[in-house]
Amino acid sequence: MTTDIWAWVRDTHEQLTEAGHHRLATALVEIAGHAIEGRNDRLDAMYPEALASARALGLPWVEVFLRHWRMQNLLNKRHQGEAALAEAVDLLEFAHREETASCPQSVCVVQDFTICHGNIDGPGYVPERLAVLEETLERVDPARACFDCLSREYADTLEDDGRAEDALAHLDRAQARIQSAGESVSLAFGLARAGSLVRLGRHQEALDAYEAGERAFTARNRLDDDDRRKLAVGRAVALAALGRTEQALAQLPDAEAADRYPDIRMRWATAVETLAGAGALPHDGLANDAELGARLAGWVGYLDTAGSHRPCLDLLLVTGRLAVARGARAVALALVATGERKLALLRRTDGVAERLAALRSAAEALPRPAVPVPAAELPGWLSGQEVSYEVALDHFAAASEESPEAAALLALYTARALDALGHPRAAADLLWDRLAADPSDADTAGLLSEVLIEAGDGDGVRRLAERLLPARPARSYWIRARWAASEGRWEEVGEHCDAVLAHDPDALNTRRLAASAATRLGDHVRAQRLYQELLEHARPAGDAEGEQAHRTVQEPDLWHLITAATANRDWAVVRSTGALIGIGFDTDEGPVDEEWQMVTVRTTRGNGATVDLPAVRTGPATARIVPVLGDDIALNHRDVVVFGPAVLNERPAEGAQEDWRPVFRQLELLDPAGYTTHWLDGAWPGDDAWFALREALAAEGYGLWAYSGDQYRVTDPAGGERLPGLYAAVGVPPTATAGDADALLARLTGGWEHPASWLDLAKAAGADTARHEDVVERYGL
């Protein structure tokens, strides 16, 4: 099997583009980058439509390609295990059907299958993983990129079997074969080799391998952010192990980066554990404290939910040892309990079972704090001491062990502490026990619903909702609504909120959530009705405080009502509601179309990426788009949009606000202006000529927006020198034809030293394109 996968991608992209399937063509060339670099939101936005298009067009090879790269993202970037298993199995079967077996990407699906089982229990599936990889490697030419990937996966499997020396030898043999075939190994291959050396304790050699891998890669490529993160965290692990703590800390990515990218979390935690053991912490805000413990526990919970049992246990052991080192007894024991549950899900437990048992022994050996006051007084006493949640949890645990009555009294406090420290499942287990003892305890049921939703425990949410349904139906449906909202199932949110209101017509937060769901679904009529009902049922603003504040009209309620009314063109409600928050208008009736200030509107490209557009705010919830845009954005020059009231960027400190513009998210296109975009390309005419063109076009109702920067250059056909270039979008108004625009540009640019080209506009106008094609060729446009 020797087909070049990327040559196939280029050919298929060209064919799809020529056939007019531009969005699928774009997905084909972009999805791998999104997958590898962890741009999960963009991949998730792009994937469903692309997959549906491939299936509708009967393109099974394209389907294999799309599904493989999504799997690479789910497995390598998001570290899913059992959560991705059904798709991994189905994809393997699909990729080996008669119509797909010859697809150059089909062989890579084997890697998806083995990685998935590696995430579930790498050591437990060693024989099966080795067998399928050996059979596949025999069929793959070493010149193919797949040979590189599969060889790395084979080495990973050997390492999971405790055979790091064999893994390193395998990588060296594979590298020799790849190079003999005239190819170079990937940066990922170099990282894998360095990782094997780290496992063998050969840390200086690992650093040398990182350096060699980076040097070889950058000789022909540029590092991206993902490459730099992986190199940095790998070096941090090796440097920390060598005791070079200052250098390790300099390399270690910040904790927020590890929050965003699950694929570096284990190595990040490993480096931090070594640094903490060497006494290098605290450093620059990083310390072995409750904050670190909560962060790591959250990562453990993520792997638990994803069904990545072995990585969950590995990270849990690091997290537990750090907890023991800082004396957090109850936290360490909570981690042990999670670990013992995960251990039962593994096929092979040698080694890890012993390490977990050692963690339990170390945790149990930590001293219990003395209980200074009776259990009923303990929460208040701890509040007065201003202690961390970890210290409070240790006191609650110690007091709870004194008697069942104390445990019952402190159950809610203990659960809240566990949840705050990143252990929602442990908190839920405690609350289930408490609810079984006292089914009528509304506080326990309320806290349990919050914990279950936070933990992503859908089965638990449904179980609790069913339990509450007979006696407390409104609460039952409210829990279902909030769970649906957490998963973005907005139609279900509306249905469950309607059920709540049927039992509790005065519920206010229910209307807020239902209106939010309606807005997300584009049902602004329903949203406006719900917000107006909320104003009728709520107390006047300022009429209640503290826990009862939600029963009053809040200013955000009024802004949301203004937004919904704007989308519905109910200008009377916009004005009357605006008056309640002190907004004045230039006119007393009719559409609100004023000129306020410059803002930024955030919208989405066709490929799922977000883009920020400058706009003029024309009312409390409307803005007119300024730039002329291409067809990858469903907006254009002078379109009026409705935006949501939430400001998405932080207001700068006093004295730095002069250039600050608030960013709002687009909700709807209210009034399309009808502009058509064409492109102007050529040499930069000079500032005077450019501004004259812009003013002349504006006077005729056209738009103009330059996209080229200082780096865009064209070739002077007279002497071959590189000239500053111009690439701009021309917005043709709906009142003008393509022919009008063609003639206008010819007149306005006729005196330029270097001719410009607007080839697509000339074609649309039915004009002679020879001049434009000549400019494109002579200037290298």
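Residues numbered from 1 in each chain as written. Predicted model: local features only at pLDDT ≥ 70, side-chain atom pairs only at ≥ 80, totals over all residues. Heavy atoms only, no water.

Our next topic: the overall build of the protein chain. Secondary structure assignment for the protein chain yields 35 helices and nine strands. Relative to a compact globule of 781 residues, whose C-alpha radius of gyration would be 28 Å, the protein chain shows 31 Å and is just as compact. Along the first, second and third principal axes, the C-alpha atoms of the protein chain reach 90 × 80 × 55 Å. Each of the 781 residues in the protein chain was classed as buried or not, and the buried ones make up 49%. In the protein chain, the share of contacts with a sequence separation of at least 24, taken over all contacts with a separation of at least 6, comes to 58%. Summed over all atoms, the accessible surface of the protein chain reaches about 35800 Å², with 48% contributed by carbon and sulfur. (Helix = DSSP H or I, 4+ residues; strand = E, 2+ residues; numbered from the N terminus. Rg over C-alpha atoms; globule rule 2.2 N^0.38 Å. Buried < 20%, exposed > 50% of the residue type's maximum accessible area, 1.4 Å probe, protein only. Contact = heavy atoms within 4.5 Å. Areas by Shrake-Rupley, 256 points an atom, 1.4 Å probe, with all protein chains shown as cover.)

So, on to the packing of aromatic side chains. Summed over all chains, the structure comprises eleven aromatic pairs. Both rings, one in W6 and one in F65, keep their centres 6.1 Å apart while their planes meet at 90 degrees; by these two values the pair is edge-to-face. Taken as a pair, W6 in helix α1 (residues 5-18) and F65 in helix α4 (residues 60-77) lie far apart in primary sequence, 59 residues in all. With relative accessibility at 0%, the residue F65 sits in the buried group. Relative to W299, the ring of W268 lies with its centre 5.5 Å away and its plane at 75 degrees, an arrangement referred to as edge-to-face. (Phe/Tyr/Trp six-rings, centres within 6.5 Å; stacked < 30°, edge-to-face > 60°.)

Moving on, we come to the nonpolar core. In this structure, L252, W268, L275, L448 and L464 are the most contacted members of the largest nonpolar core, which totals 73 residues. The element that contributes the greatest number of residues to this core is helix α17 (residues 309-325), accounting for nine residues. If sequence neighbours within four positions are ignored, L275 has contacts with A240, T245, A248, L249, L252, A280 and L281. With 31 residues, the next largest nonpolar core counts A474, W478, A484 and L513 among its residues. (Core = buried A, V, L, I, M, F, W, Y, C linked by side-chain atoms within 4.5 Å.)

Attention shifts here to helix α28 (residues 509-520). Taking 1.5 Å of rise per residue, the twelve residues of α28 would be expected to cover 16 Å, and the 17 Å separating its terminal C-alpha atoms lies within 8% of that figure. Within the span of α28, buried status applies to T510, R511, R512, L513, A514, A515, A517 and A518. Packed against the buried residues of α28 are α26 (473-486), α27 (490-503), α29 (524-537) and α30 (555-567). Positive phi shows up at G522, right after α28, with a value of about 80 degrees. (Expected span 1.5 Å × (residues − 1).)

Where helix α20 (residues 378-385) meets helix α21 (residues 389-400), the closest approach of the two axes is 11 Å, and the angle between their N-to-C directions is 155 degrees. The angle between α20 and α21 falls in the class roughly antiparallel. Handedness of the crossing formed by α20 with α21: right-handed. Note on element contacts: α21 touches α20 through A392, H395, F396 and A399, opposite L378, P379, W381 and L382. Looking at side-chain class alone, the contact of α20 with α21 contains seven nonpolar, one polar and no charged residues. (Axes fitted to C-alpha atoms, helices over the stretch in contact; angles between N-to-C directions. Parallel < 35°, antiparallel > 145°, perpendicular 65-115°, else oblique. Left-handed = near helix turned anticlockwise from the far one by under 90°. Nonpolar A, V, L, I, M, F, W, Y, C, P; charged D, E, K, R; others polar.)

Moving on, we come to the sheet that holds strand β4 (residues 640-643). Sheet strands line up and pair through hydrogen bonds in the backbone, either parallel or antiparallel. One closed barrel accounts for five strands, arranged β1-β2-β3-β4-β5; its pairing is mixed. For this sheet the average axis-to-axis angle between neighbouring strands, irrespective of direction, equals 55 degrees. Pairing analysis gives three bridges linking strand β2 (residues 610-617) to strand β3 (residues 622-625), with the strands arranged antiparallel. Of the residues in β3, the one forming a bridge with R617 is A623. (Pairing = 2+ DSSP bridges.)

Below, the discussion takes up the environment of L648. Its place among the elements puts L648 in the loop between β4 and β5 (663-671). Judged by its relative accessible area of 34%, L648 falls in the partly exposed class. The spacing of L648 and F396 is 252 residues in sequence and 40 Å in space, taken between C-alpha atoms. In this structure, L648 is in contact with R602, V663, F664 and R665, ignoring residues within four places of it in sequence.

Okay, the pairing of strand β9 (residues 722-732) next. With eight of eleven residues buried, β9 lies mostly within the body of the structure. Bridge count for strand β7 (residues 703-706) against β9 is four bridges, and the pairing is antiparallel. Paired with A706 across the strands is A728, a residue of β9. Relative to β9, strand β8 (residues 713-715) runs antiparallel, the two sharing three bridges.

The next subject is the side chain of T245. Inspection of the secondary structure assignment puts T245 in helix α13 (residues 245-251). What T245 contacts, discounting residues up to four positions off in sequence, is L275, A278 and A280.

For the rest of this paragraph, the subject is the pairing of β3. What you see with β3 is no split at all: T622 and R624 on one side and A623 and I625 on the other are buried throughout. Counting the residues that bridge the hairpin from β2 to β3 gives four residues. One ladder, built from three bridges, connects β3 with β4; its direction is antiparallel. Within β4, the position partnered with T622 by the bridge is V642.

Per the counting criterion, the structure on display carries 53 salt bridges. Across the salt bridge formed by D350 and R348, the nearest N and O atoms sit 3.0 Å from each other. Judged by relative accessible area, R348 falls into the partly exposed class, the value being 24%. When salt bridges with common partners are traced through the structure, they connect R55, E63, R67, E87 and D90 into a single cluster. (Salt bridge = Lys/Arg side-chain N within 4 Å of Asp/Glu carboxyl O.)

Orientation of α26 relative to α27, taken along the N-to-C sense of each, is 165 degrees, at an axis distance of 8 Å. It follows from the interaxial angle that α26 and α27 lie roughly antiparallel. Pair α26 / α27 crosses with left-handed handedness. For the pair α26 and α27, the contacting residues are P473, A474, Y477, W478, R480, A481, A484 and A485 in the first and W490, E492, V493, H496, C497, A499, V500 and H503 in the second. Looking at the contact of α26 with α27 residue by residue, the classes come out as twelve nonpolar, two polar and two charged.

Here we come to the environment of T157. Secondary-structure assignment places T157 in helix α8 (residues 145-160). A relative accessible area of 0% places T157 in the buried class. For the pair formed by T157 and Y261, sequence separation is 104 residues and the distance between their alpha carbons is 23 Å. Excluding residues that lie within four positions of it along the chain, T157 makes contacts with V126, R129, L130 and L133.

Turning next to α21. Counted at 1.5 Å a residue, the expected span for α21 with its twelve residues is 16 Å, and the 16 Å between its end C-alpha atoms agrees. With nine of twelve residues buried, α21 is to be regarded as a mostly interior element. Regarding α21, the residues found buried are E390, A392, L393, D394, H395, F396, A398, A399 and S400. Where α21 is buried, its residues contact α16 (290-306), α18 (329-343), α20 and α22 (404-420).

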